[in-house]
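Architecture at a glance
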Amino acid sequence: MTSFVQAGELRIAFDREGDGPPLLMMHGAEASRQMFAALVPHLSKHFTVIAYDQRDCGETEGPERASTLADLADDARRLVKALGFRRAHVFGSSFGGRVAQALALMHPRSVDHLVLGSTWPLPRPYEELCPDARRLGELRRDLPASAQELATWFFPEAFLAQRPELRRVFANARPGSARSSRRMATVQTALERGVADILAPTLVLAGELDRVVPASVTLSMAGRIRGADAVLLPGVGHVTAMQAPQVLAQHIVRFLET
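Throughout what follows, the structure given in this document is the object of discussion. (Residues numbered from 1 in each chain as written. Predicted model: local features only at pLDDT ≥ 70, side-chain atom pairs only at ≥ 80, totals over all residues. Heavy atoms only, no water.)

**Notes on helix α9 (residues 178–187)**
We count it as follows: Between buried and exposed lies partly exposed: a residue is buried under 20% and exposed over 50% of the maximum accessible area for its type, with that area taken using a 1.4 Å probe on protein chains only. Under the DSSP-based scheme used, a helix requires at least four consecutive residues in state H or I and a strand at least two consecutive residues in state E, with every element numbered from the N terminus. By arc we mean the arc of the directions from the helix axis to the C-beta atoms, nothing more. Residue contacts are counted whenever heavy atoms from the two residues lie within 4.5 Å of one another.
Three or more residues of α9 are buried, namely R182, R183, T186 and V187. Across the axial projection of α9, the buried residues extend over an arc of 140°, all falling on one side. If you follow the buried residues of α9, they end up packed against α2 (69–82) and α3 (95–106).

Okay, structure coming up:
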């Protein structure tokens with residue numbers, strides 16, 4: 001059941017499950033907290049898992065104006081405080097990993113341990129790091145006609161054969177709206193500071209078959225964050241939380257409990 005909390009100018013929608021140290025979950029650019037539905041049951045045995053919708057996503061309500069990555073980091077800090085926690089472990093996937101990096105840089109006392117999955121490093125833009133960014137943009141603009149091909153960027157073909165309904169997620173994508181336009185503008189923003197300034201103990205995870213953010217881009221972050229661990233997930237694509245929730249949870253639990 002969806003819960004809501006007022007955090008600054010936002011009415012944030014979130015789910016809370018489990019007991020133990022708080023673990024904040026940050027979803028990707030075009031997703032919502034629902035992307036963690038298969039992952040949360042594995043993690044809630046160990047943590048108080050808080051999955052929430054960011055600005056202009058899901059059921060969260062806020063002002064209809066442009067926002068920045070810094071705004072999203074501030075939102076996360078306010079959410080943690082509004083729920084009665086001083087700090088939390090943080091897991092960010094894809095663009096959610098960028099939000100997690102921003103939170104760790106701007107509000108280091110709010111972050112205990114940091115897990116970054118299938119993401120790219122601040123402050124560099126996506127288009128600079130990912131050589132196929134232009135093609136991905138074309139596929140997004142051509143929806144729903146491009147749905148079949150776009151699905152293979154996020155999930156390997158073998159997995160789509162097992163979960164054909166995921167292709168329909170892309171085919172049923174809504175046309176552009178003021179809200180989605182604001183969201184895409186937010187995704188393009190960054191910070192001046194980079195990952196080398198992150199102080200939190202960090203784990204970096206990447207899917208071997210990720211076409212959206214190549215594994216080499218994500219794993220390179222471990223070499224720039226002091227003491228960071230890195231894990232490559234064999235046979236996994238971009239959306240690790242949906243494709244390999246049990247394996248992903250095992251790595252997260254191992255890291256957070258050591």
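From this point, things continue past the structure.
**Some points on unusual backbone geometry**
The omega torsion of the bond from L122 to P123 falls at 0°, within 30 degrees of zero and hence cis. Inspection of the secondary structure assignment puts P123 in the loop between β6 (111–117) and α4 (126–129). In this structure, P144 follows L143 across a cis peptide bond, with omega equal to 5°. Checked against the element boundaries, P144 lands in the loop between α5 (133–141) and α6 (147–154). We note that S94 has phi near 60°; this positive angle belongs to a residue other than glycine. Tracing the chain through its elements places S94 in the loop between β5 (88–93) and α3.

**As for the sheet that holds strand β4 (residues 48–52)**
Short version of the rule: By this definition, two strands are paired if DSSP reports at least two bridges between them. Lines fitted to the C-alpha atoms define the axes, with helices restricted to the stretch that makes contact. Angles between their N-to-C directions range from 0 to 180 degrees.
One open sheet accounts for 8 strands, arranged β1-β2-β4-β3-β5-β6-β7-β8; its pairing is mixed. Since the sheet does not close on itself, it has two edges, and those belong to β1 (3–7) and β8 (229–233), each with one partner. The average angle at which neighbouring strand axes cross in this sheet is 25°, direction not considered. Here β5 pairs with β6 via 5 bridges, running parallel. Opposite F91, over in β6, you have V115 as the bridge partner. Those strands touched by α2 are β1, β2 (10–17), β3 (22–26), β4 and β5, and its axis lies near 115° from that of β1. Strands in contact with α3 are β3, β4, β5 and β6; relative to β5, the strand with the most contacts, it is inclined by about 145°.

That is the geometry; function is a separate question.
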